[in-house]
Amino acid sequence: MSNSTSGGSACNNFSRQVGASPQFRNDQASTCDGGRGAAGAAAHPPAQVDARHKDGELRAENGVQNGPILGNYAKSSSTPQKSIWDADAKTRENYAMQFMARQSMLEAFYSIPEDQRPKKPHRVCNCRRDLRPVEIGRDAKGKRQFSISKPEIYKHASTGNTFFGGLMICGSPYACSVCAPKINEIDAAEIRHAVSEWVKQGGICLFVTLTFPHHRTDTFAEMMQQFTKGALGRFRSGRVFAEIRKDLQYSGVIRSIEVTWGDANGFHPHSHEIWFVKPDFLYQHPVVDWSSFDKPSLSSMGKELKQFLLEPMKMRIFERWRSACVSSGLSAPSYERGVDVRIAETEAELQARLAEYFTKTGIEKSGWGVDDEMTRHNTKKGKAGRFTPFDFLRHQFNPQKTKTEKARYRRLFAEYVIGFKGVSKIYWSPGLKKHFDIKEISEQAKAEQKTEQASLEYTVPPAIWVFVVAINDHRAELLLKVKNEGVQAAKDFLSSLLDRYAEYLDERYDELPAVYQYILESITDEKT
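Residues numbered from 1 in each chain as written. Predicted model: local features only at pLDDT ≥ 70, side-chain atom pairs only at ≥ 80, totals over all residues. Heavy atoms only, no water.

Colleague: Is there a simple way to think about the overall build of the protein chain in this case?
Modeller: From N to C terminus, the protein chain includes 20 helices and 11 strands. Buried positions account for 51% of the 528 residues belonging to the protein chain. If you sum the accessible surface of the protein chain, you get close to 24400 Å²; carbon and sulfur atoms cover 49% of it. (Helix = DSSP H or I, 4+ residues; strand = E, 2+ residues; numbered from the N terminus. Buried < 20%, exposed > 50% of the residue type's maximum accessible area, 1.4 Å probe, protein only. Areas by Shrake-Rupley, 256 points an atom, 1.4 Å probe, with all protein chains shown as cover.)

In structure tokens:
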């Protein structure tokens, strides 16, 4: 079969599967005459294909032609410039960052000697890319039978935003920039509810930050083990903390582990915690005699008085934290930097007090509250000289960064993700959710949860999905086509990918059914 014959047939088959408009199919047929075949991209493993597009130096066909940009996420030069934090721009950014997270984890995976590698790369590599296996029954011998789902595009009834269905979801709030916002929104709502209910019950919240000295040469995975499994565990065990719990009338804690990185001292893990306590301990200050005058209400106290009354408890917390760090092999923290304890009496007061602490996020919303500081790590950017892990991904598209710097940031992101394994991003002490009538939901379930009414707009033929993800990443572009221009525009866009990637496709269009059958058989064998 000649190239020209297979290419024209491939174009026609492709356009028919997608459902491109007749005029578009005619245009494509004339373009493809004498061209190459289709869908050879399926024969290229993602790791091999992605390696051709390293360092974030992807180019948009219709966008800015020169300089590192967000690949196909870059805006067309003919479209009006929108705020970088509008919904469409955020969709582009989230999928671009996830694309680089995948590349970072694949590079880390294949850098490990084959006999020492884990069975699979991190699950973010498959998130919203791989088709989901669907059990369809059992055969006569009782063996489970599977089919492969089809990629689906849904549109929210209220917002008009689009999202994918029918794909694997990683549910990783610390590694995936697409899953994290959904998980964070649910976590934030739960924290907001718990804080509000506790204040109604007459309690107060202590906002506690725990950290320790660290050095550039420290290994992140080892440091995280010493911090989370060692120091944080020891901190809450033993007689000393039991006495603190008793004096505070401590009912539980919500803990969020946050990590930043700086060139001077390396990774900086720290714990943001909300302690649910009663205010009685404030009236037990060792140098204040309340018998000679009426005790002021907590709401009537000024900030300075509250901090003064809190100081003895802060000292006890610090001494316990210092001991736990040293016992776990970490450097001893200082009183000034190792512990921060502040009172959060009401959510309104909390938002005002935390305003100076919060970093700029770019999200167009009201001032952050405690729930945002605890959960919105995916949108936070580090202060000058410091980076959040998602900043490592953002800098893959920074034209001021060199290839060497970008490669270093990818290695650092992979080190962070691997070191975070087994650590809960948000932790609630046992029984605390039940106290506030909050249902226990896994991070995976939160990422998959559909909370808004949405309609199915389009089902992408599985064979066509190869062109969306295998060579370059067009997922955000496809979502926004459906959202802003409609289904037919999305179908025409998918058809245009054939011509765009002709050099990769050669004469392999007919191999697609066999490739997908192989995938199906692999999934079936793995699940049984």
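Colleague: For this particular structure, what's the right way to read the nonpolar core?
Modeller: Generally speaking, a soluble globular protein has its nonpolar side chains buried in company with each other. With 99 residues, the main nonpolar core has Leu-206, Trp-275, Trp-321 and Leu-478 as its most contacted residues. Ranked by residue count, the leading element in this core is helix 4 (residues 87–110), at nine residues. If you look at the next biggest cluster of nonpolar residues, it comprises 15 residues, including Ala-194, Ile-254, Ile-274 and Ala-344. (Core = buried A, V, L, I, M, F, W, Y, C linked by side-chain atoms within 4.5 Å.)

Colleague: Help me understand the packing of helix 16 (residues 462–469) against helix 18 (residues 487–500), please; the structure alone is not making it clear to me.
Modeller: Describing two packed helices takes the angle between their axes plus the distance from one axis to the other. Running from N to C, helix 16 and helix 18 point in directions that differ by 65°, and their axes come no closer than 10 Å. With respect to helix 18, the element helix 16 is oriented roughly perpendicular. Along this stretch, helix 16 crosses helix 18, giving a crossing that reads as left-handed. Of the residues in helix 18, those touching helix 16 at Ile-464, Phe-467 and Val-468 are Leu-494, Leu-497 and Leu-498. Of the residues assigned to the contact of helix 16 with helix 18, the class counts are six nonpolar, no polar and no charged. (Axes fitted to C-alpha atoms, helices over the stretch in contact; angles between N-to-C directions. Parallel < 35°, antiparallel > 145°, perpendicular 65-115°, else oblique. Left-handed = near helix turned anticlockwise from the far one by under 90°. Contact = heavy atoms within 4.5 Å. Nonpolar A, V, L, I, M, F, W, Y, C, P; charged D, E, K, R; others polar.)

Colleague: When you look at the pairing of strand 6 (residues 252–262) in this model, what are you seeing that I'm missing?
Modeller: The side chains of a regular strand alternate, first on one face of the sheet and then on the other. In terms of burial, strand 6 is a largely internal element, 11 of the 11 residues being buried. Burial along strand 6 is two-sided: the face carrying Gly-252, Ile-254, Ser-256, Glu-258, Thr-260 and Gly-262 and the face carrying Val-253, Arg-255, Ile-257, Val-259 and Trp-261 are both buried. Counting the residues that bridge the hairpin from strand 6 to strand 7 (residues 266–277) gives three residues. In terms of strand pairing, strand 6 meets strand 10 (residues 426–428) through three bridges, oriented antiparallel. Bridging from a neighbouring strand, Ile-254 pairs with Trp-428 of strand 10. Where strand 6 lies against strand 9 (residues 386–387), two bridges are found, and the strand directions are antiparallel. Among the inter-strand pairings, Trp-261 is bridged to a residue of strand 9, identified as Phe-387. (Pairing = 2+ DSSP bridges.)

Colleague: Would you explain the pattern of salt bridges in this entry?
Modeller: It is possible for side chains bearing opposite charge to pair when their charged atoms get close. This model, assessed by the stated rule, comprises 19 salt bridges. Residues Glu-107 and Arg-410 are paired through a salt bridge, measuring 2.9 Å at the closest nitrogen-oxygen approach. One end of the pair, Glu-107, is in helix 4; the other, Arg-410, is in helix 13 (residues 403–419), with 303 residues separating them in the sequence. Residue classification places Arg-410 among the buried positions, given a relative accessible area of 4%. The salt bridge partner of Lys-200 is Glu-197, with a shortest N-O separation of 3.4 Å. Placement of the pair is Lys-200 and Glu-197 together in helix 5 (residues 179–200), with a separation of three residues, close to one helical turn. For Lys-200, a relative accessible area of 64% translates into the label exposed. A relative accessible area of 24% means that Glu-197 is categorised as partly exposed. When salt bridges with common partners are traced through the structure, they connect Lys-90, Glu-93, Asp-391 and Arg-394 into a single cluster. (Salt bridge = Lys/Arg side-chain N within 4 Å of Asp/Glu carboxyl O.)

Colleague: Help me understand the sheet that holds strand 4 (residues 162–165), please; the structure alone is not making it clear to me.
Modeller: Across a sheet, paired strands are connected by hydrogen bonds in the backbone, their directions being either parallel or antiparallel. Spatial strand order, 4-3-11: three strands in an open sheet with antiparallel pairing. Both edges of this open sheet fall to strand 4 and strand 11 (454–459), since each of them pairs with a single strand only. Averaged over neighbouring strand pairs, the angle between their axes works out to 35° when direction is ignored. With four bridges connecting them, strand 3 (residues 152–156) and strand 4 associate as antiparallel partners. Across the sheet, Tyr-154 pairs through a bridge with Phe-163, a residue of strand 4.

Colleague: When you look at a nonpolar patch on the surface in this model, what are you seeing that I'm missing?
Modeller: Side chains of Val-287, Leu-305 and Phe-308 sit close together on the surface and give an oily, nonpolar patch of about 280 Å² of accessible area. Checked against the element boundaries, Phe-308 lands in helix 8 (residues 303–327). (Patch = residues over 30% accessible without salt bridge, like charges linked within 9 Å, V, L, I, M, F, W, Y side chains within 5 Å.)

Colleague: Just checking my understanding: could you explain the packing of helix 4 against helix 17 (residues 475–485) for this structure?
Modeller: As a packed pair, helix 4 and helix 17 sit with axes 9 Å apart at the nearest point and diverge in direction by 160°. It follows that helix 4 is roughly antiparallel to helix 17 by the angle criterion. When the axes of helix 4 and helix 17 are compared, the crossing they make is right-handed. Contact residues: Ala-87, Asp-88, Thr-91, Arg-92, Tyr-95, Gln-98 and Phe-99 in helix 4; Arg-475, Ala-476, Leu-479, Leu-480, Lys-483 and Asn-484 in helix 17. Tallied by class, residues from the contact of helix 4 with helix 17 come to six nonpolar, three polar and four charged.

Colleague: Hey, could you run me through helix 6 (residues 220–235) in this one?
Modeller: Residue pairs spaced three or four apart in an α-helix point in one direction, given the helix's 3.6 residues per turn. Of all the bends in helix 6, the largest measures some 30° and sits at Phe-227. Every buried residue of helix 6 is listed here: Phe-220, Met-223, Met-224, Phe-227, Thr-228, Gly-230, Ala-231, Leu-232 and Phe-235. For helix 6, the elements touching its buried residues are strand 5 (204–210), helix 7 (239–248), strand 6, strand 7, helix 8 and helix 13. (Bend = angle between axes of the 7 residues up to and from the residue.)

Colleague: For this particular structure, what's the right way to read helix 5?
Modeller: Helix length check: helix 5 (22 residues) gives 32 Å between terminal C-alpha atoms against 32 Å at 1.5 Å per residue, within 8%. Restricting attention to buried positions, one finds in helix 5 the residues Cys-179, Ala-180, Ile-183, Asn-184, Ile-186, Asp-187, Ala-188, Glu-190, Ile-191, Ala-194, Val-195 and Trp-198. At the exit of helix 5 stands Gly-202, carrying a positive phi of roughly 90°. (Expected span 1.5 Å × (residues − 1).)

Colleague: Would you take a moment to explain the environment of Val-199 for this structure?
Modeller: Within the element layout of this structure, Val-199 appears in helix 5. Sequence separation between Val-199 and Phe-276 is 77 residues, and the spatial gap between their C-alpha atoms is 9.2 Å.

Colleague: It is not clear to me how the side chain of Arg-475 should be interpreted in this structure. Could you clarify?
Modeller: Relative to the helices and strands, Arg-475 is located in helix 17. You can call Arg-475 buried: its relative accessible area is 0%. The contact partners of Arg-475, leaving out residues within four places of it in the chain, are Tyr-95, Gln-98, Phe-99, Cys-127, Arg-128, Arg-129, Phe-164, Trp-465, Val-468 and Val-469.

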